[in-house]
Amino acid sequence: MWNNSVVCSNRINGKQEFFRRFLFSLQQICSVGTSSVNLKPNVDMPLFPGPQSQWTERLELIHPLSYNRIPIYRVMDREGCVLNPDEPQLEKDFVEKMYRTMILLNTMDTILYESQRQGRISFYMTSFGEEATLIGSAGAIASNDLVYAQYRETGVLMWRGFSVDQCINQCFGNCEDKGKGRQMPLHYGSKSHNFVTISSPLTTQLPQAVGSAYAYKLAKNGQCVITYFGEGAASEGDAHAAFNFASTLKCPVIFFCRNNGYAISTPTHEQYGGDGIAGHGPSYGITTIRVDGNDALAVYNATKVSREYVLAENRPVLIEAMTYRLGHHSTSDDSTAYRSVDEVKQRDSLDSPILRLRRYLEMKGWWNDSKECSWKEETRKNVLKSLARAEKVLKPEWKEMFRDVYYDMPSQLVKQMKFMEAHIEQYRDKYPVDKYMNPV
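Because the structure is predicted, anything quoted here is derived from the model rather than measured. Residue numbers run consecutively from 1 along every chain, following the written order of its sequence. Note on the predicted model: pLDDT of at least 70 is required for a residue's local features to be given, and 80 or more for side-chain atom pairs to be given and counted; whole-chain, interface and lining totals, by contrast, use all residues. Computation of side-chain values: all heavy atoms of the structure, hydrogens and water removed.

## Description of the overall build of the protein chain
Put simply, the test is: Here a helix means four or more residues in a row that DSSP labels H or I, a strand means two or more in a row labelled E, and each is numbered from the N terminus. The reference for a compact globule is 2.2 Å times residues^0.38; the radius of gyration itself is calculated from the C-alpha atoms. Buried, partly exposed and exposed residues are distinguished by accessible area as a fraction of the type maximum, computed with a 1.4 Å probe on protein chains only: under 20%, between the cut-offs, and over 50%, respectively. Contacts: residue pairs with any heavy atoms within 4.5 Å of one another. Under the convention used here, a 1.4 Å probe and the Shrake-Rupley method define accessible areas, while residue burial counts only the protein chains that appear. Asp and Glu are treated as the negative residues and Lys and Arg as the positive ones, with His and the ends of the chain left uncounted. The location of each charge is read from NZ of Lys, CZ of Arg, CG of Asp or CD of Glu.
On a plain count of helices and strands, the protein chain comes out with 13 helices and 9 strands. Taking 2.2 N^0.38 as the reference for a compact globule, 440 residues should give roughly 22 Å; the C-alpha atoms of the protein chain span a radius of gyration of 24 Å, in line with that estimate. Expressed as a percentage of the 440 residues in the protein chain, the buried residues total 49%. In the protein chain, once contacts between residues fewer than 6 apart in sequence are set aside, the share between residues at least 24 apart is 73%. Working note: accessible area of the protein chain is about 22000 Å², and carbon and sulfur atoms make up 51% of it. Taking the average place of the 51 positive charges on the side chains of the protein chain and the average place of its 50 negative ones, the gap between the two points comes to 3 Å.

This is the structure we're talking about:
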C-alpha cells in the first residue's frame, strides 16, 4: 500500500495534482479496516469484527522487516535544490519570514543558553537542528488552530507573533510574565496565540489534544488541533492512549513527532523496535506520513496537506519529522557523555536546516550575504536588549504562589501564607525581598 502512496513522486505534475493525489492516498489508507462487513451467504470470507483481512492456508510468521519501510518525503536536497514539482510556490515574504524566524530563534537560544550558564536564569532548552520542523509546520496551520506543545516548540509560538520580550520575561519569571513566574523557563502559554501552556510531565499534552480536537469536531468550527512530541514521548502510555482515542473517535488532530535521535541520553535504537514512530500510525488506523524534518518546505507541504485532510475527514494524521538534535537536551544535560562532539559537528555540517533554506532563498535571488549579516546583527542586538531589560524587572509578589488555584483560598493555604509571611518578616536579611513586588 505504501509503495503506491503519493508521498514523494516525480511523476506528479504540479502542486494541486500532488495535493489531490496525496489526499486520495490518505483516504484510501484511512478506509482500510474501517468498513463494515457485508454478510453474504455462501461466501467463504472472514466474518470477524475488527480488521478486514482474508484467509490463508499458509502457516507464516510475519516478520517486521517483511514490510517496506515508510519513506521519507522531501522537497529539497541538502543543497537547497528542489527535486520534484512539489515546491509549494510560497511568496518571497513568506519564505523570508520562515528564514528570519529560524535565525531569530537560533540567536535567542544561543544567548539564553549562555545566560543560564552565567546563572542569570535557572534552566533552558535550545532548538538547534530542529528549526525547520517548527517553522515549517507553524507556517502551514491556521493561527486559530490550537497548539499543544511539548517543550521545544518556541519557534511555533514565535511564528504566531509571541515576541522575544515575552519569551525572555517568561524565562526570568518577572512581573511581565503572564504566568506570574510560576512555571519553569520555556513553559510558555498564550491564550491570544492559541497555544496551551506547556506541562513538564512528558506526553500529557497528547490525550489533552485529542479531547480538544473531539470538542472541535462536535462544535464544527472548522479548526483543528496540532500536538507536538518527541520520539521518546511516544514510548509513554499517554501517547498510545491518545492515538487510539483519536482514531476511534475520529478527531481532527495532527500528531507531530519530532524524531531528533535522542530521548535525552537514550538513542532511538534503545527506544523502540519496528519502523520508528510513523509505524505506529497504520496499526492504530491513523493516516501517516514521514517527512524530512530538515526540509522546511517538505514539512510545510506535509503539515498543510495533513491539516486539509483532518478537517475534511475528521480523522487524525501522524507526522514523523526526521531530524537531529544538535544541542544538549537541556542545560541539565551534557550530551558528550553519550555521543561524540565529532558526531554533532558532522551532522551540523552535513545537513543544517537553516543553511538548506538559506541556499534555497539564494537560488531564488531573495537573499544574500548583506541581508544575512544585517539580520543576524539586528536580531542579536534586539535579543540582548530584551535580556538586559527583563533582568531588571521585579519578580511577582511572592504571595502569588498561593493564589489563582481556588476561587476562595482554603484555610490551610491561608495558614501557610501567614506562616511564610511571618517567617520572611523575621528573616528579611536572608531573602532578596527587594527583587520582588510589594515585599513584606
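## Details of the nonpolar core
The condition that has to hold: Here the nonpolar core consists of buried residues drawn from Ala, Val, Leu, Ile, Met, Phe, Trp, Tyr and Cys, with membership extended through side-chain atoms lying within 4.5 Å.
Counting residues in hydrophobic clusters, the biggest one holds 70 residues, and the most contacted among them are M108 and Y188. Broken down by element, the residue count for this core peaks at 11 residues, all from helix α2 (residues 92-117). Excluding residues within four positions of it along the chain, M108 makes contact with Y124, T154, M158, V164, C167, Y188 and V383. One finds L206, A213, V225 and F229 within the second-largest nonpolar core, a separate group that totals 22 residues.

## Concerning a nonpolar patch on the surface
Condition: Patch definition: residues above 30% relative accessible area lacking any salt bridge, with like charges linked at up to 9 Å and the nonpolar side chains Val, Leu, Ile, Met, Phe, Trp and Tyr linked at up to 5 Å. Here a salt bridge means any side-chain nitrogen of Lys or Arg lying within 4 Å of a carboxyl oxygen belonging to Asp or Glu.
A contiguous nonpolar patch, built from V43, M45, L47, F48 and W55 and spanning about 480 Å² of accessible area, is present on the exposed surface. One can find L47 in the loop between α1 (15-31) and β1 (72-73). A relative accessible area of 46% places L47 in the partly exposed class.

## A look at the packing of aromatic side chains
The following threshold applies: A pair of aromatic rings is counted whenever rings of Phe, Tyr or Trp (Trp by its six-membered ring) have centres within 6.5 Å, and the orientation is called stacked for planes under 30 degrees apart, edge-to-face for over 60 and tilted otherwise. Comment: the charge-over-ring label is applied if NZ (Lys) or CZ (Arg) is within 6 Å of the ring centre and within 35 degrees of the ring normal.
On inspection of all chains with the given rule, the structure shows 12 aromatic pairs. Site record: aromatic cluster; members linked through ring pairs are F229, F243, F255 and Y284. Over the face of the ring belonging to W159 we find K97, whose NZ or CZ atom lies 4.0 Å from the ring centre.

## A word on the confidence of the model for the protein chain
Put simply, the test is: Per-residue confidence from the prediction method is given by pLDDT, with values spanning 0 to 100.
In the predicted model, the protein chain carries a mean pLDDT of 91, and 90% of its residues have values of at least 70. Predicted confidence for residues 1-13 stays below pLDDT 50, and this span has 26 contacts to residues more than four positions away or in other chains. In the model, residues 27-36 has pLDDT below 50 throughout and makes 13 contacts with residues more than four positions away in sequence or in other chains.

## What about the side chain of T287?
Operational definition: Here a polar contact is taken to be a pair of N or O atoms separated by no more than 3.5 Å, where protein atoms must pair a possible hydrogen donor with a possible acceptor and residues adjacent in sequence count only if both atoms sit in side chains.
Relative to the helices and strands, T287 resides in strand β8 (residues 287-292). A polar contact is formed between the side chain of T287 and the side chain of Y309, at a distance of 3.2 Å.

## Structural notes on the sheet that holds strand β4 (residues 225-230)
This is how it is decided: Two strands pair if DSSP finds at least two bridges between them. Helix axes use the C-alpha atoms of the stretch in contact, all axes being lines fitted to C-alpha atoms, and the angles between their N-to-C directions lie in the range 0 to 180 degrees.
The parallel open sheet is built from 7 strands, whose spatial order is β1-β8-β9-β5-β4-β2-β3. Looking at the sheet topology across the chains shown, the edges are occupied by β1 and β3 (195-196). In terms of strand pairing, β4 meets strand β5 (residues 253-259) through 6 bridges, oriented parallel. Considered in β5, the bridge of G230 is made with R258. Helix α3 (residues 131-138) rests against β4, β5 and β9 (317-322) of the sheet, and its axis sits at about 165 degrees to β5.

## A look at the side chain of N259
Note on placement: N259 falls in strand β5. At 3.4 Å, the side chain of N259 forms a polar contact with the backbone nitrogen of G261. Leave out the neighbours within four places in its chain, and N259 touches E231, T268, Y272, I277, E320, A321, M322 and T323.

## Describing unusual backbone geometry
Backbone geometry places Q89, a non-glycine residue, at a positive phi of 55 degrees. Here Q89 shows up in the loop between β1 and α2. Overall, the relative accessible area of 54% leaves Q89 in the exposed class. Residue K180 is not a glycine yet carries a positive backbone phi of 60 degrees. On the basis of relative accessibility, which here comes to 33%, the residue K180 falls in the partly exposed class.

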